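# Observations on chain architecture
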Amino acid sequence: QVQLVESGGGLVQAGGSLRLSCTASGLTFDAHAMGWFRQAPGKEREGVSCISRSGGSTYYADSVKGRFTISRDNAKNTLYLQMNSLKPEDTAMYYCAATPYYSGCSTVPGTYNYWGQGTQVTVSS
């Protein structure tokens, strides 16, 4: 059974930082591209960032470019998202997801097979 478990969310002031983690089990981690997505109340789920199987290729949404950094440790089956210079508009539930189908990566939610339960990030102004 595949499980993705996110952690590291919380309440932070604008300008602060958080580091999200996503630990995977039940799948061959290094055979899956990984992504971070977020969903704010009343809004659609959006792709934040993704990383290829080896970690050699990454992508960021324009809204987070230069502030967020995605990384992975295949030896630990763990995905990370370092979030700096947080803004109130970054407030959302953050989800990690896995897909075996891409050699690069994708930020389209429909291309992902497995999802975590999410971790809440709240940025106060």
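These lines cover the structure that appears in this document, whether it is placed above or below.

Here G118 lies in the loop between strand 10 (114-115) and strand 11 (119-124). With relative accessibility at 22%, the residue G118 sits in the partly exposed group. With 80 residues separating them in the primary sequence, G118 and R38 have C-alpha atoms 8.6 Å apart. Among residues more than four places away in sequence, those in contact with G118 are E6, M93, Y94 and Y95.

Attention shifts here to the nonpolar core. Ranked by size, the top nonpolar core spans 28 residues in total, and within it W36, L79, L81, M83 and Y94 carry the most contacts. For this core, the secondary-structure elements that each account for two or more residues are strand 3 (18-25), strand 4 (33-39), strand 5 (46-51), strand 7 (68-73), strand 8 (78-83), strand 9 (92-99) and strand 11.

Position of L18 among the secondary structure elements: in strand 3. Classification of L18 as buried rests on a relative accessible area of 14%. Note: C-alpha distance between L18 and G35 (17 residues apart in sequence) is 17 Å. Residues within four places of L18 in sequence aside, it is in contact with G8, G9, G10, V12, L81, Q82, M83, L86 and V121.

Even without glycine at this site, N77 takes up a positive phi of about 55 degrees. Positionally, N77 belongs in the loop between strand 7 and strand 8. Look at N77 and you get partly exposed, because its relative accessible area is 25%. The backbone of S85 sits at a positive phi, close to 50 degrees, despite the residue not being glycine. Along the chain, S85 falls in the loop between strand 8 and strand 9. Owing to a relative accessible area of 39%, S85 belongs among the partly exposed residues under this scheme.

Each value, and the rule that gives it
- Residues numbered from 1 in each chain as written.
- Predicted model: local features only at pLDDT ≥ 70, side-chain atom pairs only at ≥ 80, totals over all residues.
- Heavy atoms only, no water.
- Helix = DSSP H or I, 4+ residues; strand = E, 2+ residues; numbered from the N terminus.
- Buried < 20%, exposed > 50% of the residue type's maximum accessible area, 1.4 Å probe, protein only.
- Contact = heavy atoms within 4.5 Å.
- Core = buried A, V, L, I, M, F, W, Y, C linked by side-chain atoms within 4.5 Å.

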